[in-house]
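Reading the structure
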Amino acid sequence: MLTLGDLKKSPDRLAEIGGADVLIAASAGTEIVVREAPRSPEATVVFQHETIAMMRAERAEEVEKLKKQLGARSAVIPIKKKPSSFWDHITVGRAQSSDIVLEDPAVSNVHAHIALEVDGHPVSVQDLGSSNGTFVNRGPLQPHKLTPLCSGDCVRFGQTVFYYVTQAMLRDVLGAAEPQPNLSKGRRQ
């Protein structure tokens, strides 16, 4: 199993995730809300630069909160289907046939579905009527109803706590800078 510590030691192991968003296990197993409820954008042309600066500051604050909830041993689980999967969506559960297998007695055999690109949302989660429920940011999900996720959301299946993290936020958590083009190529000195 890939851990956050593995990715920090060897950033080239990001290729193992294959560009997928991830669930990262909380190190202490406690639910901390990292991402506050989104505000409606009120930017105007005059203040657009201030709005962008404020959004960057909020994102940096979210990343710092998230880093405090994760440890080197936190499992990093790509959100993707197994090649042998027969479900339409990514399944989360105790059953070995699940795409994301959780060894938690509070998790049902087929506990939840994660849907990609449904109704304009990149990632959504749906509880399947599990015994112990699925929670997003401490709020219980209504069974069989898709709930969109945003990067930094705290997701709990049974007693197992994860944070949903996009590839962009994962790079921020790891401290990896985006690759910059080499502008010196082709210049004469």
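So, here's what we can say about the structure. Just so it is clear, the model here is predicted, and its values are computed rather than measured.

**Quick notes on the pairing of strand β5 (residues 112-118)**
Sheet topology places strand β3 (residues 90-93) next to β5; 3 bridges connect them, and they run antiparallel. What sits directly across from Thr91, in β5, is His113. Pairing geometry for β5 and strand β6 (residues 121-127), over 6 bridges, is antiparallel. Counterpart to His113 in the pairing with β6 is Gln126. The hairpin turn running from β5 into β6, its antiparallel successor, is 2 residues long, and Asp119 in that turn takes a positive phi close to 55 degrees.

**Points about the pairing of β6**
With respect to burial, β6 is a largely interior element, 5 of its 7 residues being buried. Bridge analysis of β6 against strand β9 (residues 147-148) gives 2 bridges, and the strand direction is antiparallel. Opposite Val125, over in β9, you have Thr147 as the bridge partner.

**Thoughts on the environment of Lys9**
Structurally, Lys9 is set in helix α1 (residues 4-9). Sequence spacing of Lys9 and Ala72 is 63 residues, and the spatial spacing of their C-alpha atoms is 9.8 Å.

**Comments concerning the nonpolar core**
In terms of nonpolar packing, the biggest core is built from 22 residues, with Ile17 and Leu170 touching the most fellow members. Mapped onto this core, the elements with two or more residues apiece are α1, β1 (22-25), α2 (48-69), β11 (160-165) and α3 (167-174). If one sorts the elements of this core by residue count, α3 sits on top with 4 residues. Residues in contact with Ile17, not counting those within four places in the same chain, are Leu2, Leu7, Val22, Val76, Pro78, Lys80, Gln167 and Leu170.

**What about the side chain of Thr160?**
Within the secondary structure layout, Thr160 lies in strand β11. Looking at Thr160, its side chain comes within polar contact range of the side chain of Asp104, at 2.6 Å.

**What about α3?**
The complete set of buried residues in α3 reads Gln167, Met169, Leu170, Val173 and Leu174. Buried positions in α3, seen along its axis, are confined to an arc of 160 degrees and lie on one side of it. In the stretch just after α3, Gly175 is the one whose phi turns positive, near 80 degrees.

**Structural notes on the layout of surface pockets**
Space inside the second largest pocket adds up to approximately 290 Å³. Around the second largest pocket, the lining is made up of 14 residues, and of these Met1, Val76, Ile77, Pro78 and Asp99 lie nearest the centre. Broken down by secondary-structure element, the contributors of at least two residues to the lining of the second largest pocket are β2 (76-78) and β4 (100-101). Take the lining of the second largest pocket: its biggest share by element is 3 residues, from β2. Each residue belonging to the lining of the second largest pocket can be placed in one class, and the counts come to 9 nonpolar, no polar and 5 charged.

Definitions and limits used
Residues numbered from 1 in each chain as written. Predicted model: local features only at pLDDT ≥ 70, side-chain atom pairs only at ≥ 80, totals over all residues. Heavy atoms only, no water. Pairing = 2+ DSSP bridges. Helix = DSSP H or I, 4+ residues; strand = E, 2+ residues; numbered from the N terminus. Buried < 20%, exposed > 50% of the residue type's maximum accessible area, 1.4 Å probe, protein only. Core = buried A, V, L, I, M, F, W, Y, C linked by side-chain atoms within 4.5 Å. Contact = heavy atoms within 4.5 Å. Polar contact = N/O pair within 3.5 Å; in protein donor to acceptor, adjacent residues only side chain to side chain. Arc of directions from axis to C-beta. 1 Å grid on protein atoms, 1.4 Å probe; cavity = no way out; pocket = protein on both sides within 12 Å on 5 of 7 lines; lining within 4 Å. Points joined across faces, edges and corners; volume = space filled by probe spheres on them. Nonpolar A, V, L, I, M, F, W, Y, C, P; charged D, E, K, R; others polar.

So, to be careful, I would describe these as geometric facts and stop short of saying anything about function.
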